Amino acid sequence: MDIRRRYPNKRDYHFAFLCQSYGWNQGAQGKYVNALKILGEAFKVEQELGMHYENLILQTMQSLAIFYNFSGHIDKGEPLQLEVLKRRLHVIGTENHPIIGSLMNNMGVLYERKEDFAKAAEYYRKGLAIKEQTNAPIKAIMISAHNVARSLLQLKQNDEAIELIQNGFKRLEDFPDLFSDTRSLLWETMGTAYMSLDNFKEASLAFKKAIYLRTQTSPHDNSILGLVCLYAKSLLAMSEYTKVIREVQKGMRLSESIRKNTPTNPTIIFTYEKLMEAEFALKRRNDLEKTYEAGKDEFFRLIKVYEELKNFNKREDVLLHFQRFRARYLEMLKELNNEIPNEIDSVVLISLLGLKIVCITFLFLCMKSKEK
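Per chain, residues are indexed from 1 in the order of the written sequence. Totals for whole chains, interfaces and linings use every residue, but because this is a predicted model, local features are given only for residues with pLDDT of at least 70 and side-chain atom pairs only at 80 or more, for both listing and counting. Note that the side-chain values use all heavy atoms of the structure and ignore hydrogens as well as water.

Chemist: Describe the overall build of the chain, naming the residues involved and giving the relevant values.
Modeler: In terms of regular secondary structure, the chain is built from 18 helices and zero strands. Expressed as a percentage of its 372 residues, the buried residues of the chain come to 44%. Accessible surface, the chain: about 20000 Å² in total, of which carbon and sulfur atoms supply 54%. By definition, any uninterrupted DSSP run of H or I lasting at least four residues is a helix, any uninterrupted run of E lasting at least two residues is a strand, and each is numbered from the N terminus. Think of it in three bands: with a 1.4 Å probe and only protein chains considered, a residue is buried below 20% of the maximum accessible area for its type, exposed above 50%, and partly exposed in between. The Shrake-Rupley method, run with a 1.4 Å probe sphere, supplies the accessible areas, and residue values consider only the shown protein chains as cover.

Here is the structure:
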C-alpha cells in the first residue's frame with residue numbers, strides 16, 4: 001500500500017481495496033484512529049471512482065460505521081450504518097436475505113451502544129427472523145437469539161429472555177460436541193437473567209459454566225475477563241470474598257492483551273472495582289491500596305486513549321467514573337478506621353478543570369481585546 005501511495009495519480013480499485021483491507025485489519029486490532037484514517041482514504045477513492053452500490057464501497061462504509069461506533073463516535077457511525085442498510089436493500093431487493101439479517105444485527109449493536117434498548121431489541125428480532133427464514137447456520141441463529149435475549153433483559157422482560165435462552169439450549173442438543181462458544185454466550189446471558197432476579201447462586205453457576213466453555217475453546221479471548229467480572233459480582237452478592245479474589249487474579253492474566261487489542265475496553269476497571277470490594281470486606285488494607293493504585297493507573301490510561309481518539313465526551317465519562325471510584329475507596333478507608341490521604345490527584349483536577357479554565361481565560365482575553 002505504501003508503494004501505491006508513491007503514485008498519487010494511481011488511485012484505482014486495487015488501491016481502494018488495499019486500503020479497505022488494511023483498515024479493517026487495524027480496526028480488528030483495536031487501532032481505531034489508524035483504521036478510520038485508512039478506511040476514510042479508501043472511501044474517498046471509491047467515491048472518486050463513482051462507486052455507489054458496489055460491494056467494495058458498501059464494505060468500507062460498514063467498516064467505518066463499526067469502528068466509529070466502537071471508538072465512541074456513534075454520531076458518525078449511525079448515518080453510515082443506516083446508509084449501508086438502505087443501499088443493500090436497494091441492491092438485494094428484499095429483506096429476506098442473510099446479508100440483511102447480519103445488517104439488522106449490526107443495527108441492534110448500534111442502538112444497544114446508544115442505550116436505546118427497545119430499538120436494539122427491534123432490530124435484533126428482525127435479524128433473528130430473517131436468519132430463521134433464510135435457513136442460516138444454527139450458530140448464526142443462536143447468536144441472534146442471544147442478542148435478542150440480552151436486549152430483553154435490559155427492558156426487564158426477563159421471562160421472555162429466559163425462554164429464548166432455554167429454547168437455544170434445546171436446539172443445540174442435536175450437536176453435543178459442537179458450538180461450545182455459542183453455549184458460553186447462552187450461559188452468560190442466563191447468568192445475567194438470574195442476577196436480575198437476585199438468584200445469585202444460579203447466576204454464579206451459569207457464569208462459571210460460561211467461563212469454562214469459553215476458556216476451553218478460546219483461552220486467550222479477551223471477553224473472558226468480562227465473564228470473570230460478572231462471576232465476581234455474583235460471588236460478592238453471596239459474600240464469597242476469597243473466591244472473588246482468586247477468580248479475579250486468574251482472569252487478570254488477560255489485561256495486557258485487552259490493553260493492546262481493545263484499548264477502549266473498560267473491563268479491567270470494572271474488575272478492579274470488584275476486587276476492591278472483596279479486599280475491603282476481608283479488611284486487607286494493603287491489598288486494597290495496591291488495587292486502588294492499579295485501578296487509578298488504568299483510568300489514566302483510558303483517559304489518554306480517548307484524548308488520542310479526540311473523543312472528549314467519553315473522556316469526561318471516564319473522569320467522572322474515576323471520581324466515583326476514588327470516593328468509594330476513601331469511604332472504605334474511613335470504615336476501616338484508616339487515615340485518609342490528604343493529597344489531591346492533580347492530574348485529575350487538571351483534566352477536569354483544565355479545558356474549562358483555558359476556555360474561560362481565552363474568552364476573557366478576547367473580550368478585553370475588543371474593549372481596546
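That covers the picture; the talk isn't over yet.
Chemist: Requested: an account of the packing of aromatic side chains, with residues and values cited.
Modeler: Put simply, two rings from Phe, Tyr or Trp (the six-membered ring, in Trp's case) pair if the centres are within 6.5 Å, and we call them stacked under 30 degrees between planes, edge-to-face over 60, tilted for the rest. Taken as a whole and assessed by the stated rule, the structure comprises 13 aromatic pairs. By way of ring pairs, the aromatic residues Tyr-292, Phe-299, Phe-300, Phe-322, Phe-325 and Tyr-329 are connected into one cluster. Ring-over charges, as used throughout, are those where CZ of Arg or NZ of Lys falls within 6 Å of the ring centre and within 35 degrees of the ring normal. Taking the ring centre of Tyr-123 as reference, the NZ or CZ of Lys-126 above it sits at 5.2 Å. Directly above the ring of Phe-280 sits Arg-328, whose terminal nitrogen or CZ lies 5.2 Å from the centroid.

Chemist: Would you mind going over the pattern of salt bridges in detail, with residue names and values included?
Modeler: In what follows, salt bridge is the name for a side-chain nitrogen of Lys or Arg lying within 4 Å of a carboxyl oxygen of Asp or Glu. One pass over the structure, following the stated rule, counts 19 salt bridges. Of the charged contacts in the structure, one is a salt bridge between Glu-122 and Lys-126, with a shortest N-O distance of 3.6 Å. Of this pair, Glu-122 and Lys-126 both sit in helix α7 (residues 117–133), four residues apart, which is roughly one turn of the helix. Looking at Glu-122, the relative accessible area reads 39%, which means it is partly exposed. The partly exposed category is assigned to Lys-126, whose relative accessible area is 32%. Among the ionic pairs, Lys-296 bridges to Glu-293, the shortest N-O distance being 3.5 Å. Remark: Glu-293 and Lys-296 occur in helix α16 (residues 285–308); sequence separation between them is three residues, near one turn of the helix. Its relative accessible area of 12% is what places Lys-296 among the buried residues. The partly exposed category is assigned to Glu-293, whose relative accessible area is 32%.

Chemist: Any chance you could break down a nonpolar patch on the surface for me, citing the residues and the numbers?
Modeler: Here a patch means residues that are over 30% exposed by relative accessible area and free of salt bridges, tied together within 9 Å if like-charged and within 5 Å if nonpolar (Val, Leu, Ile, Met, Phe, Trp, Tyr). A contiguous nonpolar patch, built from Tyr-13, Phe-17 and Leu-49 and spanning about 290 Å² of accessible area, is present on the exposed surface. Looking at the element boundaries, Tyr-13 is found in helix α2 (residues 13–28). Tyr-13 sits in the partly exposed class, given a relative accessible area of 41%.

Chemist: Tell me about unusual backbone geometry, and please be specific about residues and values.
Modeler: Phi at Asp-198 takes a positive value of approximately 60°, unusual for a residue other than glycine. Here Asp-198 shows up in the loop between α10 (180–196) and α11 (200–217). Since its relative accessible area comes to 55%, Asp-198 is described here as exposed.

Chemist: Report on the side chain of Lys-131, specifying residues and quantitative values.
Modeler: Mapped onto the elements of the fold, Lys-131 is located in helix α7. Within this scheme the basic residues Lys and Arg register as positive and the acidic residues Asp and Glu register as negative, but His and the chain ends are omitted. For the buried residue Lys-131, which engages in no salt bridge, the nearest side chain bearing the opposite charge is Glu-132, 10 Å off. For this analysis, residues touch if any pair of their heavy atoms sits within 4.5 Å. In this structure, Lys-131 is in contact with Gly-101, Ser-102, Ala-136, Ala-140, Ile-141 and Ser-144, ignoring residues within four places of it in sequence.

Chemist: Which residues make up the packing of helix α8 (residues 138–154) against helix α9 (residues 158–171), and what are the values?
Modeler: For any two helices packed against each other, the geometry is given by the interaxial angle and the distance between the axes. For helices, the axis comes from a line fit to the C-alpha atoms of the stretch in contact; other axes are also lines fit to C-alpha atoms, and the angle between any two N-to-C directions lies between 0 and 180 degrees. Contact geometry of α8 with α9 gives a least axis separation of 8 Å together with a crossing angle of 165°. Here α8 lies roughly antiparallel to α9, going by the angle between them. Considering how the two elements wind past one another, α8 and α9 form a crossing that is left-handed. Contacts between α8 and α9 pair Ile-138, Ile-141, Met-142, Ala-145, Val-148, Ala-149, Leu-152 and Leu-153 from the former with Asn-158, Glu-160, Ala-161, Leu-164, Ile-165, Gly-168 and Arg-171 from the latter. Reported orientations rely on four angle classes, namely roughly parallel under 35 degrees, roughly antiparallel over 145, roughly perpendicular from 65 to 115, and oblique for the rest. Less than a right angle of anticlockwise turn of the near helix away from the far helix marks a crossing as left-handed, whereas a clockwise turn marks it as right-handed.

Remember, this is a structural readout, not a statement about activity or role.
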